[in-house]
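Breakdown of the fold
So the chains spell out like this:
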Amino acid sequence: MYRSSKSSRLLLLQEKISLIQENGSLLKTIENLNSEMESLLKNKEVADGQIMALTKSLDALQKDLKDREILVHDLKQSLELRRKELNDCRAEITSLKMHIEGSRSGRRWVSADFEHLASQTVIRSLQLEIENSKAKDFVAENPVKPINSEKEYTQTEEKVIEIHEDKAVLSQPIDLASGMSDVEDGELQQTQTYEENASQPQEISQETLQLSSNGNRTVENNENIQRNNSEVPPDDSGMIIQLNNQMGEPASEKMGLETIQILSDALPKIVPYVLINHREELLPLIMCAIERHPDCSTRDSLTHTLFNVIKRPDEQQRQIIMNACVSLAKNVGEMRTESELLPQCWEQINHMYEERRLLVAQSCGELAEFVRPEIRDSLILSIVQQLVEDSATVVREAAAHNLALLLPLFPNMDKYLKIEELMFQMVCDPSGAVVETSLKKLVPSVIYWGNKLDHILQVLLSHVVGSAQRCPPVSGVEDSVESHLRVLGERERWNVDVLLRMLTEVLPFVHQKAIETCPFPSVMGHFAPSERGDAFFSTSLLELYAGGYVEWPEFDWVHVDCLPVLIQLSCFLPQKEDYLKNRMTKFLLVISESFGDHYLTHIMLPIFFVAVGDTYNLKSLPQAIRSRIKGLRPKTVVAERLAIMCVLPLLLAGILGAPSRHEQLAEYLRKLLVQGIMNEDKPINSNAEIIDAVRFLCTFEEHHGIVFNILWEMVVSANVNMKISAANLLKVLVPYIDAKLASTHVLPALVTLGSDQNLNVKYASIDAFGAVAQHLKSDMIIDKIRVQMDAFLEDGSHEATIAVIHALVVAVPHTTDRLRDYLLCKIFQLSAVAPTGSDMMQRRERANVFCESIRALDATDLPATSVRDFLLPAIQNLFKDPDSLDPAHKEALEIMMRERSGGTFETFSKVMGAHLGIASSVTSFFGEGGLLGKKENGDQPEPVESPKATPITPTEDTRFRRIMRGSFTDIIRVQGPIDHYIVDLHRGQVQTHGGVNKDPRPHFLESKVIGSNQAST
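Just so it is clear, the model here is predicted, and its values are computed rather than measured.

Tallying secondary structure elements over the protein chain gives 41 helices and three strands in all. The buried share of the protein chain, reckoned over its 1017 residues, is 44%. If you take every contact in the protein chain between residues at least 6 apart in sequence, the share linking residues at least 24 apart comes to 71%. Carbon and sulfur atoms provide 55% of the accessible area of the protein chain, an area that totals close to 55100 Å².

This part is about the nonpolar core. One finds Met502, Ile591, Leu651, Leu652 and Met714 to be the most contacted residues of the largest nonpolar core, which totals 234 residues. Broken down by element, the residue count for this core peaks at twelve residues, all from helix 17 (residues 490-516). Setting aside anything within four residues of it in sequence, one finds Leu652 in contact with Gly657, Leu665, Tyr668, Leu669, Leu672, Ala693, Val694 and Leu697.

A few words on helix 33 (residues 817-832). In a regular helix each residue adds 1.5 Å, so 16 residues correspond to 22 Å; helix 33 covers 23 Å between its end C-alpha atoms and thus fits that length. By the burial criterion, the buried members of helix 33 are Leu819, Arg820, Tyr822, Leu823, Leu824, Cys825, Lys826, Ile827 and Ser831. Next to the buried residues of helix 33 lie helix 30 (759-775), helix 31 (779-793), helix 32 (798-811), helix 34 (840-858) and helix 35 (864-879).

Under the counting rule described, the total for this entry stands at 29 salt bridges. Here Glu713 ties to Arg670 by a salt bridge, and the two come within 3.3 Å at their closest N and O atoms. A residue pair is termed long-range when its members are at least 10 positions apart, and Glu713 in helix 27 (residues 704-715) and Arg670 in helix 25 (residues 662-680) qualify at 43 residues. By relative accessible area, which is 35% here, Glu713 ends up partly exposed. Take Arg670: its relative accessible area is 29%, and that puts it in the partly exposed class. Of the charged contacts, one joins Lys723 and Asp756 as a salt bridge, the two residues approaching to 2.7 Å between their closest N and O atoms.

The next point concerns the environment of Pro873. Along the polypeptide, Pro873 turns up in helix 35. If we ignore the near neighbours within four places in the chain, the residues touching Pro873 are Phe828, Val867 and Arg868.

Bringing the packing of aromatic side chains into the picture now. Taken as a whole, this structure holds 19 aromatic pairs when the rule is applied. For the pair Phe520 and Trp552, a centre-to-centre distance of 6.1 Å together with 80° between the ring planes defines the contact as edge-to-face. Of this pair, Phe520 sits in the loop between helix 17 and helix 18 (521-524) while Trp552 sits in the loop between helix 19 (539-546) and helix 20 (553-570), placing them 32 residues apart in sequence. Taken as a pair, Phe520 and Trp552 share a single burial class, namely buried. Taken together, the ring pairs connect Phe520, Phe536, Phe537, Tyr545, Trp552, Phe555, Phe595 and Tyr599 into an aromatic cluster.

We now examine the side chain of Thr801. Summarising the element assignment, Thr801 is placed in helix 32. The class for Thr801 is buried, based on a relative accessible area of 11%. A polar contact of 3.0 Å, which involves the side chain of Thr801, links it to the backbone oxygen of Ser797. Beyond its immediate stretch of four places on either side in the chain, Thr801 contacts Leu793 and Leu830.

The next point concerns the packing of helix 24 (residues 637-655) against helix 26 (residues 688-697). Contact pair helix 24 / helix 26: the axes reach a minimum separation of 9 Å and the direction vectors enclose 25°. Between helix 24 and helix 26, the angle is such that the two are roughly parallel. Seen from above, helix 24 lies across helix 26 with right-handed handedness. Where helix 24 abuts helix 26, its residues Arg641, Ile644, Met645, Leu648, Pro649, Leu652 and Ala653 lie against Glu689, Ile690, Ala693, Val694, Phe696 and Leu697. Of the residues in the contact of helix 24 with helix 26, the class split is eleven nonpolar, no polar and two charged.

As a further point, take the side chain of Ser866. Its location among the elements puts Ser866 in helix 35. Taking the relative accessible area as the measure of exposure, Ser866 reaches 7% and is therefore buried. Excluding residues that lie within four positions of it along the chain, Ser866 makes contacts with Asp821, Leu824 and Leu871.

Moving on: unusual backbone geometry. Although it is not a glycine, Asn451 sits at a positive phi angle of roughly 55°. As for its placement among the helices and strands, Asn451 is situated in the loop between helix 14 (432-450) and helix 15 (453-469). Under the relative-accessibility criterion, Asn451 is labelled exposed at 62%. In the Ramachandran plot, Asp479 falls in the positive-phi region, its phi being about 60° despite a non-glycine side chain. Judged by relative accessible area, Asp479 falls into the exposed class, the value being 68%.

On to the packing of helix 29 (residues 739-754) against helix 30. Packed helices, taken two at a time, are described by the angle their axes make and the gap between the axes. Put simply, helix 29 and helix 30 touch, their axes get as near as 8 Å, and they point 150° apart. For the element pair helix 29 / helix 30, the angle class is roughly antiparallel. Crossing hand, helix 29 versus helix 30: left-handed. Taking contact as the criterion, the partners of Val746, Leu747, Leu750, Val751, Leu753 and Gly754 in helix 29 are, on helix 30, Val761, Lys762, Ser765, Ala768, Phe769 and Val772. In the contact of helix 29 with helix 30, the residues fall into nine nonpolar, two polar and one charged.

Moving on, we get to helix 22 (residues 597-611). The periodicity of an α-helix, 3.6 residues per turn, causes residues three or four positions apart to be oriented the same way. Here helix 22 contains 15 residues, and its C-alpha end-to-end distance of 20 Å stays within 8% of the 21 Å for a straight helix at 1.5 Å per residue. Of all the bends in helix 22, the greatest, near 35°, is centred on Met604, and the proline Pro606 appears no more than four residues after it. The element helix 22 is largely enclosed, with a buried count of eleven among its 15 residues. Considered for burial, the residues of helix 22 that qualify are Tyr599, Leu600, Ile603, Met604, Leu605, Pro606, Ile607, Phe608, Phe609, Val610 and Ala611. Directly after helix 22, the chain includes Gly613, whose backbone phi takes a positive value near 100°.

A word on the environment of Glu354. Mapped onto the fold, Glu354 is located in helix 10 (residues 354-366). The partly exposed category is assigned to Glu354, whose relative accessible area is 33%. Along the sequence, Glu354 and Thr393 sit 39 residues apart, while their C-alpha atoms lie 9.2 Å from each other. Non-local contacts of Glu354, meaning those with residues more than four positions away in its chain, are made with Ala392, Val394 and Val395.

So, how was this worked out
Residue numbers restart at each chain and count upward from 1, following the sequence in its written direction. Owing to the predicted nature of the model, reporting of local features is limited to residues with pLDDT of at least 70; listing and counting of side-chain atom pairs is limited to 80 or more, with chain, interface and lining totals taken over all residues. Side-chain figures throughout are based on the complete set of non-hydrogen atoms in the structure, without hydrogens or water. Put simply, DSSP H or I for four residues or longer makes a helix, DSSP E for two residues or longer makes a strand, and each gets a number counted from the N terminus. Partly exposed residues are those whose accessible area sits between 20% and 50% of the maximum for their type, while under 20% is buried and over 50% is exposed, using a 1.4 Å probe and protein chains only. Contacts: residue pairs with any heavy atoms within 4.5 Å of one another. Per-residue accessibility takes into account occlusion by the displayed protein chains alone, with areas from the Shrake-Rupley method and a 1.4 Å probe. Within this scheme, the nonpolar core is defined by two criteria: the residues are buried Ala, Val, Leu, Ile, Met, Phe, Trp, Tyr or Cys, and they are joined through side-chain atoms within 4.5 Å. Working rule for helices: expected span equals 1.5 Å times residues minus one. What counts as a salt bridge is simple: a side-chain nitrogen of Lys or Arg found within 4 Å of a carboxyl oxygen of Asp or Glu. Only the six-membered ring of Trp is used, alongside the rings of Phe and Tyr, when aromatic pairs are assigned; centres must lie within 6.5 Å, and planes under 30 degrees apart are stacked while those over 60 apart are edge-to-face, with the rest tilted. Think of a polar contact as two N or O atoms within 3.5 Å of one another; within protein, one of them needs to be a possible hydrogen donor and the other a possible acceptor, and neighboring residues in sequence only count if both atoms come from side chains. Axis lines are fitted to C-alpha atoms, over the contacting stretch for helices. Their N-to-C directions set the angle, which ranges from 0 to 180 degrees. When describing relative orientation, an angle under 35 degrees is termed roughly parallel and one over 145 degrees roughly antiparallel, while 65 to 115 degrees is termed roughly perpendicular and anything else oblique. A clockwise turn of the near helix away from the far one marks a right-handed crossing, whereas an anticlockwise turn of less than a right angle marks a left-handed crossing. Any residue outside Ala, Val, Leu, Ile, Met, Phe, Trp, Tyr, Cys, Pro, Asp, Glu, Lys and Arg is labelled polar, Gly included; the first ten of those are nonpolar and the last four are charged. Fitting axes to the seven residues that end at a residue and to the seven that start at it, the angle between those axes gives the bend at that residue.

Written out as structure tokens, the structure is:
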């Protein structure tokens, strides 16, 4: 007793000591925590001080930024003012130049003719004195005829007037300076004649009048002066009439200017009141006013009206406006085009309507030839460069088209690199229309203008590889196949596609340049320029080339640079990138078509055979490049898998798929599929890469015959592995065939395999039947599949049942209603049969397959009779074996029963509870405190005797909820207490004990279980 009390005291002492020690350690810990808290508080104060300082500096920076923005705005305004002043100065300079040129030409004419005029004046004065003396003598001898002479003089005067008027009309197109000189010369001559004849008698003879008439013609034409030195110039009346005509010309010019002024003032007021569809009829008036008005500001206003005459011009109206601008530019010259038309283009470049910006893009190409060359590659190029960044597709397309028109007008190659960058930017544009215009118009224009095809090809190949190489890898595991493959985004996939299209577009230029630079004159002489096509690259030429005696870089580019880059690009693409592989295949076929069959045989085939790991003779290639081609051979196991996965599809479809290589393709496929299986003694599905390569080959319809001939050889073979491989290949080829080919080739082959005695062959054909049902909806094909599936189910084996249900479930979302009803009927029949045997794994596998099928069928639009007669009874049959049901499947089936039975499921559960043993599950799941929601107060279901006697009431469309139920049942499963959340399926809300969280998103995607345990998937 004493010992026990002593030992208890010792234990108490030890516990007390341990508690004291723990208390001390805790005190120390508290002290440490307090010190840490003090240090943290100090750090917080320091951080707060830093935050305050940063806030102050940020405010200062924002204030400085606002000041800079204000300064920039002011500078922009001043720039606009300077620009307007500059335009005014340019217009004034233009008008002064025209005036100076006119005055200079007039001075040169006057100085040149002054001496000749003086000499002619002296001669005429002498002639006039002689004629006057003759006239006096004649009048003295004939004093009786003055009246007749006066009449004749009047007639002669009328003739003179008519002559002067005709000559005034005819002389209008003559140069202004020369016309003014002629008028001045005539005035001098007439004035001298008038002064010398002022004292002569008024009565002259008919002979004298005739002489005066001839003298008038002498004044108008200087050449007649030397011929008619004895004739008298016209008298004073002819001189007065001619002076009146000359004075009328300034008056008409003044009247024209007044008319232009009235027109310029009226047009801005008239345009808004004219219908939009008829405003183009005002363009001639606007052009006339712009061309002839002397004031620069008025011309600017009218030019602005010209560009804005229609608010949103369509294509025809834009063409009319551009024709007007081109005509105006032709008439006004380079200086006024630059100072008046181009500024209007620049103002419209940021207009809110894309039709106006499209008008600017068109003007860049059509007005470029009417400005100085240095303006084309500076101002106009900057306008196009800004339009390339426009948000509207049609504007960018027009920019590409007009840039192609602009390039031949550039004076030099200084902007080549900028143009090439713009070209690649527009080729990679996200719009297909812009890409098409760039490939068809801009790319050829850049090649012709720049003559730098080698540089374009070099940049193009680097862009192609870089677009794929910059993407993230499929897997981060080093030294794996997936680490070499890339996950391409939509933008990168588009870039690779359009760059491959660009390769196809530039290939004819490469072909032509290779022929033009051929270093073998003997071969060049055998072909005319029109005959140098694919036959040019003959066997003899390739033998000369293989000798390596001369360099041929333009020809080397295809197989030394381009083909290795394509092989490198293919090794970045996963198996699902069929579209890009298809594009590469078409490019390879274009190469073989352009360079000929000999090039395909001696150059392309060796390169690709080496790239996939096969041996091939490279004697057709020069010794200098053989080492580079040998470097394409895979050197590791991973590289070999990559070559089979990525390069083999291109070899089959792009090289051996050429029209002249069908026999070689069949031989190579037979080597892969038949001999490969015979040598390895295992089915080919162990090598999924070869199956995928054959699948890609069948994306080209012309190769179906070759592939199915080889597959039939495999079907009728005695080798079991070959038959299994044939079934696997048929399964993957079904998506690429039509109903006719399926009826004539695929179904007979599958029926033959399905009737084979070997169970592995039979079960392998079942999945292929499912693929046929998934992709083809012909009633005849569906009937054949049903007959064959009945034959498989008659076997009665567990494996056959599972395989049939699996194969048909895959086809449920895509097949016809007949096959869905067939599958539902079979599930009901099979689930009604009690499972035999005590193997729980088989029972669970069987129940899981049935549940997956029912859930897939529930997501479709089943008729009410099928739901009543097959779906609900099949679910009841599955509840009879609750031990084999997965909890997630059980919850989904219970939800299905509740929705499909129209609100009577609780009564049904009470009726079937004792029989099925699931009353507690259903009550806990759908009761007042259950997982799937509280019942509405007063909404009690009426009792019924049997669920089959209950009519199905129409409910809301819950197809989306049924489709997503597979994900929902996984989300709501938890491993611990779940009484924090109540999910209301019908309201789409997440209810908590504290209130309702109204979330518009589906609750099974956004709700999160908050409890002691996390949700399990």
